[in-house]
Each structure stands twice: as structure tokens, then as C-alpha cells.
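Single-letter residue listing:
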Amino acid sequence: MTTTPAPSRRAVQPEAGGISAGDLGGADIVRVAAALVSAAVIIAALYYGQDILIPLAFAFLIGFALNPPVVWLRRRGLPKVIAIVAVMTVVLVLLASLFLVLGTQLRSLGEQLPTYQSTIHSKLDDLKAQFKAPGMLDSALNAITSLQKEVEAVQGAEAQRVEVVAAPGTQLQVALVWLGRVLGPLATAGIILVFVVLALLDRTDLRDRLLRILGGNLHRSTDAIEDAGRRISRYLLMQLVVNTTFAIPLALGLWLIGVPGALLWGVVAAVLRFVPYVGALISAVFPLALAFAVDPGWHMVLWTLALIAGLEFISNNIVEPMLYGTSTGLSAISLIAAATFWTALWGPVGLILSTPLTVCLLVLGKTLPQLQFLDTLLGSVPVLSPTERIYQRLLAGDVDEAIEIAESEIETLAVVPFYDAVGIAVLRLASDDYGRQATAAHRLRVAEGMEALLEELRDEHPVAAPVVPGPQVVCIGGKWEIDAIAAEMLAHALSLEGIAAQTRRVVHVTASSVGRLDLDGVPVVCINYFSGEPNSAARQFCRRLRQRWPELKIVLVLWTVPAEALASDAFKEIGADEIATSIAEVIGRAQRMLPEVAGEPTGAEAPANDDERVEALHGTDFLAASLRDDLDAIAKRAADAFDVDVAMISAIDADQEIVIGRSKELSGFGRDEAGRPILPRQAAICDYVVASGETLVVADTERDARFTDNPVAKTWGLRFYAGAPLRSADGFVLGALCILDADARTLDERERELLEKLAADVVETISRKEVDRSSQQAETETEASATVGQPVPE
């Protein structure tokens, strides 16, 4: 058995001739100085080049929004130029119509403003009278005023203020000034329009140039560009939806209240809300001011304020969280910091562009290793995993926060998966740091903190009364304190799964100490080790146990030994019956050793509607032999894409699995009339996919108790399995698309989604063939009915 060396109990000393701390400090200083100088140069270039960069940024932002309709038109057969011209024409017509409607609203509103002057003056007079009335602050204000007069008397007479007023210019000068103010924004708009058209025309060329600039791994750069485009496009789309869902009820509500120009203020709100943070406040000022001017009383103002506040509450707490989610991938604090930075750099325009620009920086941080700190600073993904967070809180002595994090994770994972994925990982970190970095105080805090955390979890998640008297499994720590903590965690997990488990502690593995463990009548013992080299200690422990209880079954749990380093017969060398490396594996092996708890293994449990599912399978073309070539091609594509040994498409019948598509020839099992491999359903791993209706990933069949002795895995020499369900239009899972490999591995989330997409392609291919067959059959019947029958007389 190959194992990893155990960490030394002494701190690692620096090697002679290595780099000194002073050298490292100097190198770090130079690196930080270079980074600061580079950042200063980049910020200066952004500031002084804003006249060019702002139109470019707006153009690319608009290009992201207009590219989907251009692509849609091109897929309908239109040439690129015509598609771009059509989209730009529609956009310009919509903008012109919008400005026309808004201009009409503004002109109408301007004509009515003089009629509101009396109302405004009346309200202002009332407010002045209210403020002039004597109040409780008058005495304090009078005291401050008298004190100010005394100070001015001491300082002497106030100097007379002189103001220089420039002479008014000529009419031509005034006209030129106003013309310059108007032509500036128009010129910028024209530049943006030209850039948008060019960006749409040369989109592929620009993408290729950006890929060359990013350099390095072409796969990584391609994913980065797709990620940036997806995030920005989703952000713009969701922003448009949020603004529209806010503007429509606002305009309708203002119209019902009686505020003039309700449509105008709805459009203004929709546009200004593209400006983060301040846009919503500015858009609320206009209808509130107009309500103040129109109504002689205060009812219209209050109703308008209530309408805006209610819509803001609904939008901020319901609509935006539901639509946005994590579309940008930016944390809340990074959004605020980015808005502040870009506003200081480019003014209000920078505030509008802050989110898309920061998304681009985030993607660069995910792509370029040199800029990885941007991903850490800006991303919404926690920089520390739950394991690291709990471990850090324990090191700091903050047990309460560690418990809060654990309970939060349990809400998502449940207790047993939390123990397996997080709890044991925390102990593994403590084991790795034991002789390297941890001090005595750190070790004590981790041990005491984990015991307190386990005690809290046992209280919050109590176990049911055992089915049989006495413990069925006893968990023992092998050597260190963390071994004993792992045994307590494992015992709680086993008890939650219906296996009565207890813990025992042993300080020294001597005959007398082992005899005091009181294991009479206990069928299974689990010995836990975090040591990298547990062979000698485990062998001695197993020998002592065998001498006292010869019929005892021993499961050796090696938490720090990689699963791939364990040979299938490694436990025989040590004297254990089984070896496990995870809580889930221990539970599965314990259930196999205790038939009174789970019974003999019978494979996956059939779904409740299995009869209807089988009937639906035979009512489709899933089992048609004519589809073999098409399904083999999809299986071959899946095997190549995932770089695995075998990919196959199977249909689960009442009592057998039929391989209807495969990437290569498979041997070792029977064949049906069409020459396709058939397997007993009880041995089919794909049957677990049918039973659950979800994608199943088995990283290592030798470490999963359900499949340790699976005949399919043994016959084909496979250790990795991943299968996605083949779901019919009626919702029945008729089979699975699965990939298998001789080496243990796993799939990330994107690979799972890709496997599920390929499974959907399988179903679509079969459904399309069914439609084609039905159409051909209908044509044949039509031709037969037209040629066979009574001849028509002339």
C-alpha cells in the first residue's frame, strides 16, 4: 500500500543556502513598487484618455446589447450588413419616436406650469409660516446669534466684498457658446454610433485580436471572452427588465394619482435607473416636485411618495434578487467601490459604465494568473471555502462563529454530507498543520472547538432510538486527538443513518487497554487514522483486536491516504476486513456487514411508476435497432469530449439494461437479437440514474460500497462512472447516457451540464427519428389510398 509520509512533529527548519527573509522582503518590495507604478500609469491613461475611451466603452456596451438580434437575423439568412442596418434602423426609429413622445409631454407640461405658480407660492408661504413660528430651538438660535455678533464686534468691521462681473458678450459669442454646448454631446453620440456599427461589423476580428492580446492558453482565453459576454449581456438584459417592471407600474400609478406627465416620468425612471445608486433618487424628484406643485393639499405628494417607496421596496427585495442572482459575479462591496472609482475617474458617465467595466476586470482576474488578485478582490465567490473558514475560526478561538458556519452549510448539505465534505476536511487541515505551523495553543483550540461543535450538532440533530439493543458499530480513534474527534463524528453520522454506533477511547494499544474496550457482542469496529503512515500502528491494533475478539469485523478508516493509493487488497496486509476513506464509504460498508440493518444489497430501488415507465419505453423508438448508428455517433462524441474509455447509451427495461448506443465494442455480457449488449438490471449502474431521476457521478467505484463488487465495473475494469438521465416528453426516465473510465476522476459543474445536454441531444435525436418515421408512414398511406380503389369514370 502506497502512503504519504506523515508530517513531522517538529517545525520545519529553513534549509541552508536558501533565500533569506531579507532577500524575500526586498523582492516583495520591488514587486509591490512595480505593481503600484503600473497601476498609476494605467489610471492616468484612463483619466487623460477618457475622451476616446468613454465612447469606445459605450459602443462596446451597446454592441453587446445589439449583437443578439443581429445574430438572430443572420441565422434567418440575412447578410451581415443588411442585418446590422436593419437593427440600427429599428433602434434609431425607436429612439426618435421616444424623443418625439417625450418632447410632446414636456411641451404640454411647460404650458401648464404657469397655472401651478399660485399653488407653489401658497405652500411655500405656509412652510415659511411654520418655520417662523416660535419653537423649542428659538432660544438656542438666539444665543448663537448674539454670540456671533459679539465675535464680529471684537474682530472689527467686516470687509466689504467686491465682485467683478464680466461684460456680456455679443449675440454671436453667446450663440457660439450654446452651439458648442450642443455640438459636444452630438459629436460624442455620433462617434458612439460609428463605433457601434464598426464593432458589429468586425466582431469576429475584434474577438480574434482580443484572444491574441490575452495570449497563453487558447481554451482559457476563449472561456474568458464567453464568460465576459455572458455576464454583461445578462446584466444588461436583467437591468432592462427590472427598469421596465418598475417604470410601467410607476407610470400607471402616477396616472391614477393624477400627476401630469405620468408617461414621461415612467420613461425617465426607466432611463435614469441605468445609473447605479443615484439614478433612482433623481428619477423620484421630478414626480414628487410636480405633485407638490399641482395639488393644493398634501395628499398627492404623500400618495406619490408611497407609490415610489413601495415600488422601490418590491424591486429591491423581490424583483432584483430573483432576476439578477449572481449574473455579474461581483460582490456588493466591490460594486460600490467600483462605482466610486469610475465616478471619480470619468464622472457620471463612469458611474453608468462601472458595473460592465468591473465585470471585464473580474474576467481578466479569472483568466490571467498575474491578475488573479482582481478575482479575489471583486468576485462574489467566497475566497475561503467553508472548510477553511471553520478551521480559521477555530484557530482564532471563535467557536460560536464556527458553529454558525457549520449550521449554515448543514442547511444546504444535511449533517452526514457536511461531516464528509467539511468536518473531516477541517480535521485534515489540522493534521497537515500539526507539526508544521500550529502552536500548542492552536492545537488545543482546534481540539476543544471541534468537540464543542460536535456537541452542538448532536444536540441540534439527535438520533432516533436504536432498532437493536447495543451498538452495532464502535468507532475508535487510532492514535491522536483528532483521530478520536473523527471517531465521534463518524459515530454520529452512522447513528443518523440508522446504524447504532458508539465511540470508545484508547490511549495505548496494549493488551490491557484493548481488553477494556468492552466489544463483546459488537459486530463491527471502525478504527480512524489521520496519520500518513498508519501501517504499523494499524497492524498492531488489528492484531490485538483479533486476539481478543476473533469474529470481529474491522473497518480501517484512513482519512489522509489518497483513495488512488489504496490497492484493492491493501486491507489484507494490515489485518482489516475493509478499508474506507470517507464517511459515505464507511456507511456503505457497514450496511453491507450488517444485513439486519439494510438487508442483502439488491441494486437500485425501482421507481414507484416503473410499470408505466417500462410501458412508455416500449411505446417509443428507444429500442429501435435502426437508431444504432446515430446513437453510436453520439456516444463516440461524448467519449472524445470527456476523454474517457467508454461512453454508452442504455435503456432500462423491466429486468434488463439494453445498450442501445456505445462508443466501442463491449464484451462480457449477453446480446439481444440486434447484437446489442444486455445486462441484468440488478447489476446496471444506470438503474440508479433511473431510480433517482438525477445525474449520478461515482468518482471511484472501489470506494463506493454500492459498486465495490459490481459485475459491470469488475468485468470492464472501470472505476469512474457518470450518467445523465434520458427523460421523455412525458417525464419518464427511460435510460441514461453514461461515461466510464478505468481511472478514478470526477466532474465539475460545467461538465455535468455538458453531459446533461448530450443526454438531451439523445432524446431529441430519437424523437426526431420518430417524427420522420411517422411522416413517411403517413405519406405511404396517402399514396396507397390514392392508387387503390374504384376507378373514376371519364
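Residues numbered from 1 in each chain as written. Predicted model: local features only at pLDDT ≥ 70, side-chain atom pairs only at ≥ 80, totals over all residues. Heavy atoms only, no water.

A. Seen up close, the overall build of the protein chain. The secondary structure content of the protein chain amounts to 29 helices and twelve strands. In the protein chain, which comprises 794 residues, the share counted as buried stands at 40%. Partitioning the contacts of the protein chain with sequence separation of at least 6, the portion at a separation of at least 24 is 70%. Element-wise, carbon and sulfur atoms account for 61% of the exposed surface of the protein chain, whose accessible area totals about 44900 Å². (Helix = DSSP H or I, 4+ residues; strand = E, 2+ residues; numbered from the N terminus. Buried < 20%, exposed > 50% of the residue type's maximum accessible area, 1.4 Å probe, protein only. Contact = heavy atoms within 4.5 Å. Areas by Shrake-Rupley, 256 points an atom, 1.4 Å probe, with all protein chains shown as cover.)

B. Local environment of helix α10 (residues 278-294). Counted at 1.5 Å a residue, the expected span for α10 with its 17 residues is 24 Å, and the 25 Å between its end C-alpha atoms agrees. Within α10 the residues assigned to the buried category are G279, A280, S283, A284, P287, L290, A291, F292, A293 and V294. (Expected span 1.5 Å × (residues − 1).)

C. The pairing of strand β9 (residues 677-680), seen in detail. Only one face of β9 is covered, namely the face carrying P677 and L679; the face carrying I678 and P680 is uncovered. Bridge count between strand β8 (residues 670-671) and β9: two bridges; the pairing is antiparallel. Each residue of the ladder has a partner; that of G670, found in β9, is I678. What sits between the antiparallel neighbours β8 and β9 is a turn of five residues, in which G675 has the positive phi angle 80°. (Pairing = 2+ DSSP bridges.)

D. Highlighting the pairing of strand β1 (residues 473-477). Among the five residues of β1, five are classified as buried, and the element is accordingly described as predominantly covered. Side chains V473, C475 and G477 project from β1 onto one buried face, and the interleaved V474 and I476 project onto a second face that is buried too. Sheet analysis places β1 next to strand β3 (residues 524-529), joined by five bridges and oriented parallel. Residue I476 lies in a different strand from β3, and its bridge partner there is I527.

E. Structural context of the nonpolar core. Judged by nonpolar contacts, the single largest core of 49 residues is most densely connected at I390, Y419, L427, V473, L494 and I583. Dropping the residues within four chain positions of it, L494 is found in contact with V473, C475, I499, A501, V586, I587 and A590. Within the second largest apolar cluster, 32 residues are counted, among which are A647, F732, A759 and V762. (Core = buried A, V, L, I, M, F, W, Y, C linked by side-chain atoms within 4.5 Å.)

F. Spotlight on the pattern of salt bridges. Considering all chains together, one arrives at 25 salt bridges under this definition. When the shortest N-O distance is used, the salt bridge between R628 and D632 registers 3.6 Å. Taken together, the residues R628 and D632, both in helix α26 (residues 628-642) and four residues apart, mark about one turn of the helix. Of the charged contacts, one joins R681 and D687 as a salt bridge, the two residues approaching to 3.1 Å between their closest N and O atoms. Each of the two residues, R681 as well as D687, counts as buried. By sharing partners, the salt bridges in this structure join E451, E455, R458, E481, E488 and R505 into a single network. (Salt bridge = Lys/Arg side-chain N within 4 Å of Asp/Glu carboxyl O.)

G. Broad picture of the sheet that holds β1. The five strands lie next to each other as β2-β1-β3-β4-β5, forming an open sheet whose pairing is parallel. What marks the edges here is a single partner per strand, and that holds for β2 (501-504) and β5 (578-580). Taking each pair of neighbouring strands and ignoring which way they run, the sheet shows an average axis angle of 25°. Strands in contact with helix α21 (residues 535-548) are β1, β3 and β4 (553-558); relative to β3, the strand with the most contacts, it is inclined by about 160°. (Axes fitted to C-alpha atoms, helices over the stretch in contact; angles between N-to-C directions.)

H. Representation of the sheet that holds strand β10 (residues 696-698) in the model. Here seven strands make up an open sheet; going across it, the order is β8-β9-β7-β6-β12-β11-β10 and the pairing antiparallel. Single-partner strands in this sheet number two, and they are β8 and β10. Each of β6 (646-652) and β12 (733-741) is contacted by helix α25 (residues 610-618), which is oriented at about 80° to β12, the strand it contacts most. Seen against the sheet, α26 touches β6, β7 (656-662) and β12 and runs at an angle of roughly 80° to β7.

I. Expanded view of the environment of K664. One can find K664 in the loop between β7 and β8. The class of K664 is partly exposed, set by a relative accessible area of 43%. It is 7.9 Å that separates the C-alpha atoms of K664 and A647, two residues lying 17 residues apart in sequence. In this structure K664 touches D645 and V646, once residues within four positions along its chain are discounted.

J. Molecular detail of the packing of helix α2 (residues 50-75) against helix α8 (residues 218-257). Between α2 and α8, the least distance of the axes is 9 Å, while the angle of their chain directions is 80°. When the axes of α2 and α8 are compared, the pair comes out roughly perpendicular. For the pair α2 and α8, the contacting residues are L61, F64 and A65 in the first and G229, I232, S233 and L236 in the second. (Parallel < 35°, antiparallel > 145°, perpendicular 65-115°, else oblique.)

K. Expanded view of unusual backbone geometry. Despite not being glycine, A414 shows a phi value in the positive range, around 80°. Here A414 lies in the loop between α16 (399-413) and α17 (415-433). The partly exposed category is assigned to A414, whose relative accessible area is 38%. Backbone geometry at D643 places phi at a positive 55°, although glycine is not the residue there. Take D643: it is sitting in the loop between α26 and β6. Classification of D643 by relative accessible area gives exposed; the value is 63%.

L. Spotlight on the side chain of S354. In this fold, S354 is placed in helix α13 (residues 348-367). Relative accessible area serves as the criterion here: at 1%, S354 is assigned to the buried category. Setting aside chain neighbours within four positions, we find S354 in contact with P276, A338, A339 and W342.

M. How the structure looks around the packing of helix α3 (residues 80-112) against helix α9 (residues 262-272). Between α3 and α9, whose axes approach to 9 Å, the crossing angle comes to 130°. Classified by the angle between their axes, α3 and α9 sit oblique to one another. Read as a crossing pair, α3 and α9 show a hand that is left-handed. The residues of α9 that touch α3, namely those facing L98, V101, L102, Q105, L106 and L109, are A262, L263, L264, W265 and V267. Residue classes in the contact of α3 with α9 are distributed as ten nonpolar, one polar and no charged. (Left-handed = near helix turned anticlockwise from the far one by under 90°. Nonpolar A, V, L, I, M, F, W, Y, C, P; charged D, E, K, R; others polar.)

N. Local environment of α16. Between its first and last C-alpha atoms α16 spans 20 Å; for 15 residues at 1.5 Å apiece the expected length is 21 Å, and the two agree. Of all the positions in α16, only A402, I403, I405, A406, E409 and I410 are classed as buried. All buried residues of α16 fall inside an arc of 160° around its axis, so they share one side. Of the exposed residues in α16, the ones pointing more than 90 degrees away from its buried face are D400, E404, E411 and T412. Each element contacted by the buried residues of α16 is listed here: α15 (386-395), α17 and α18 (440-460). (Arc of directions from axis to C-beta.)

O. How the structure looks around the environment of D433. Of note, D433 is situated in helix α17. Relative accessible area serves as the criterion here: at 18%, D433 is assigned to the buried category. Sequence separation between D433 and R443 is ten residues, and the spatial gap between their C-alpha atoms is 9.1 Å. Polar contacts involving the side chain of D433 include one to the side chain of Y391, which spans 2.9 Å. (Polar contact = N/O pair within 3.5 Å; in protein donor to acceptor, adjacent residues only side chain to side chain.)

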